[in-house]
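# Inside the fold
Letter by letter, the chains look like this.
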Amino acid sequence: MNTSEPAVAALFDEYGDPAPGPFSPHIELLPTVNSFNAVQNFANAQFTLNSVVLTPHSRGSVTLNESDPLASPMVDYNFYAEPLDLEIMRQSVRTALDFISTPEWQEFLTAPVSPLLAAVIKDSRNDTEMDAYIRASTSISFHPVGTCGMSAVDSNWGVVDPDFTVKGLKGLRVIDASIMPFIPAAHTQAAVYVIAERAADIIKSTAS
Ligand SMILES: Cc1cc2nc3c(=O)[nH]c(=O)nc-3n(C[C@H](O)[C@H](O)[C@H](O)COP(=O)(O)OP(=O)(O)OC[C@H]3O[C@@H](n4cnc5c(N)ncnc54)[C@H](O)[C@@H]3O)c2cc1C
């Protein structure tokens, strides 16, 4: 992240650097096309450079649907509740635009897919246009975690203890992505394998 940007520097002062280490990224740029068919039929292809905030500070929630507890739960991702996340996304979109502005892309990219994106391409320093585009086009990145967060035994928050047992209950463990207290600055599958291996070791050692 470009900390010479005053807005970024001020938020890093307030929140601290959200990356887990000095060489860890804050964003990911993930290229996709609208379909493999479109790759073969190039004229109809839509190219997307997805911007991902890897270390969001905003916390979402999953709650029971009170009017019908058997219905799907209420999921609130709570995107951009923390201003740091929005600023990192602005920087991410600007980085993506810089990347696709290079000469190599020009013969492939013809027109933006929406007026909101067109406005951002025209003036990427305009935060009003940028925020309208970001809020209209944000979605999740298939990596929800944290609904049963792991915390220290004497912690006043969290759902499971470090041995994966549910606090206050006997004989019940949770072993999946939901126990990650925060999302790792990476895709989540490898972390799930680590969690599963660790839990297997603990269960084997306590069973013998
Ligand atoms: C479209 C998509 C693409 C992804 N791509 C990547 C990627 O490229 N790299 C990466 O690192 N991560 C990726 N992820 C994230 C990764 O797949 C998840 O973080 C990971 O699979 C979570 O593991 P889990 O064990 O917590 O849950 P899951 O893998 O979802 O496993 C839950 C299991 O529980 C079963 N289940 C559900 N309800 C019940 C029930 N009532 N009774 C019995 N069984 C039940 C389900 O069938 C499922 O097998 C992707 C996720 C998605 C959705």
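All values derive from a computational prediction rather than experimental measurement.

## Considerations on the overall build of the protein chain
Secondary structure summary: the protein chain contains 6 helices and 4 strands in total. Secondary structure elements in the protein chain, listed N-terminal to C-terminal, are α-β-α-β-β-β-α-α-α-α. Going through the 208 residues of the protein chain one by one, you find that 29% of them count as buried. For the protein chain, long-range pairs separated by at least 24 residues make up 52% of all intrachain contacts whose partners lie at least 6 apart in sequence. Placing the 11 positive and 24 negative side-chain charges of the protein chain at their respective mean positions leaves the two points 6 Å apart.

## With respect to the UniProt feature "domain: Glucose-methanol-choline oxidoreductase C-terminal" (unreviewed entry) in the protein chain
With numbering matched to this structure, UniProt assigns "domain: Glucose-methanol-choline oxidoreductase C-terminal" (unreviewed entry) to residues 56–196. For residues 56–196, the end-to-end C-alpha separation is 24 Å, with 32% helix and 4% strand making up the annotated structure.

## Thoughts on the site of the ligand
With respect to spatial proximity, the complete set of residues near the ligand consists of Phe 142, His 143, Asp 176, Ala 177, His 187, Thr 188, Gln 189 and Val 192. Here Ala 177 contributes a backbone N or O atom positioned 2.8 Å from an oxygen atom of the ligand. Contact distances for the ligand include 2.8 Å between an oxygen atom and a backbone N or O atom of Gln 189. Relative to its free-state accessible area of 1000 Å², the ligand is covered by the protein chains to the extent of 31%. Grouping the constituent residues of the shell around the ligand by class yields 3 nonpolar, 4 polar and 1 charged.

## Topic: the packing of aromatic side chains
In this description, a pair of aromatic rings is defined by centroid distance and the angle of the planes. Counted according to the given criterion, the structure contains 4 aromatic pairs. Here the aromatic rings of Phe 79 and Tyr 80 are separated by 6.2 Å at their centres, their planes lie at 45°, and the arrangement is tilted. Looking at Phe 79, the relative accessible area reads 35%, which means it is partly exposed. Taking relative accessible area as the criterion, Tyr 80 reaches 11% and is therefore assigned buried. Members of the aromatic cluster, connected to one another through ring pairs, are Phe 47, Phe 99 and Trp 105.

## Section: the side chain of Asp 161
With respect to the secondary-structure elements, Asp 161 resides in the loop between helix 5 (127–137) and helix 6 (189–207). Apart from residues lying up to four places away in sequence, Asp 161 is in contact with Met 150, Ser 151, Ala 152, Val 153 and Lys 167.

## As for the environment of Pro 25
Tracing the sequence through the fold places Pro 25 in the loop between helix 1 (6–15) and strand 1 (27–33). Looking at Pro 25, the relative accessible area reads 42%, which means it is partly exposed. Measuring from C-alpha to C-alpha, the distance between Pro 25 and Ala 196 comes to 25 Å, with 171 residues separating the pair along the chain. Leave out the neighbours within four places in its chain, and Pro 25 touches Ala 19, Leu 54 and Ala 185.

## With respect to unusual backbone geometry
Phi is positive for Tyr 80, which is not a glycine, with a value near 60°. If you trace the backbone, Tyr 80 turns up in the loop between strand 4 (74–76) and helix 3 (83–100). In this structure, Phe 164 is a non-glycine residue whose phi angle is positive, near 75°. Mapped onto the secondary structure, Phe 164 falls in the loop between helix 5 and helix 6. When its relative accessible area of 2% is taken as the criterion, Phe 164 is described as buried.

## Section: the domain arrangement of the protein chain
For the protein chain, the domain assignment lists domain 1 (6–137) and domain 2 (143–208). Computed from C-alpha coordinates alone, the two centres of domain 1 and domain 2 are separated by 29 Å. If you look at the interface, domain 1 gives 8 residues, while domain 2 gives 9 residues. Carbon and sulfur atoms supply 61% of the area that domain 1 and domain 2 bury against each other, a total of about 570 Å² over both sides. For domain 1, the biggest contributors to the area lost against domain 2 are Glu 28, Leu 54 and Arg 59; these three give 60% of the whole. Taken together, domain 1 and domain 2 are joined by 0 salt bridges. At the boundary of domain 1 and domain 2, one finds 2 residue pairs in polar contact (both at pLDDT 80 or more). Split into classes, the residues belonging to the side of domain 1 that touches domain 2 amount to 5 nonpolar, 1 polar and 2 charged.

The rules behind each value
Residues numbered from 1 in each chain as written. Predicted model: local features only at pLDDT ≥ 70, side-chain atom pairs only at ≥ 80, totals over all residues. Heavy atoms only, no water. Helix = DSSP H or I, 4+ residues; strand = E, 2+ residues; numbered from the N terminus. Buried < 20%, exposed > 50% of the residue type's maximum accessible area, 1.4 Å probe, protein only. Contact = heavy atoms within 4.5 Å. Lys, Arg positive; Asp, Glu negative; His and termini not counted. Charge placed at Lys NZ, Arg CZ, Asp CG, Glu CD. UniProt positions renumbered as here; feature names shortened; annotations may be inferred. Near = heavy atom within 4 Å. Polar contact = N/O pair within 3.5 Å; in protein donor to acceptor, adjacent residues only side chain to side chain. Areas by Shrake-Rupley, 256 points an atom, 1.4 Å probe, with all protein chains shown as cover. Nonpolar A, V, L, I, M, F, W, Y, C, P; charged D, E, K, R; others polar. Phe/Tyr/Trp six-rings, centres within 6.5 Å; stacked < 30°, edge-to-face > 60°. Domains from an automatic or database assignment. Buried area = accessible area lost by both parts, 1.4 Å probe. Salt bridge = Lys/Arg side-chain N within 4 Å of Asp/Glu carboxyl O.

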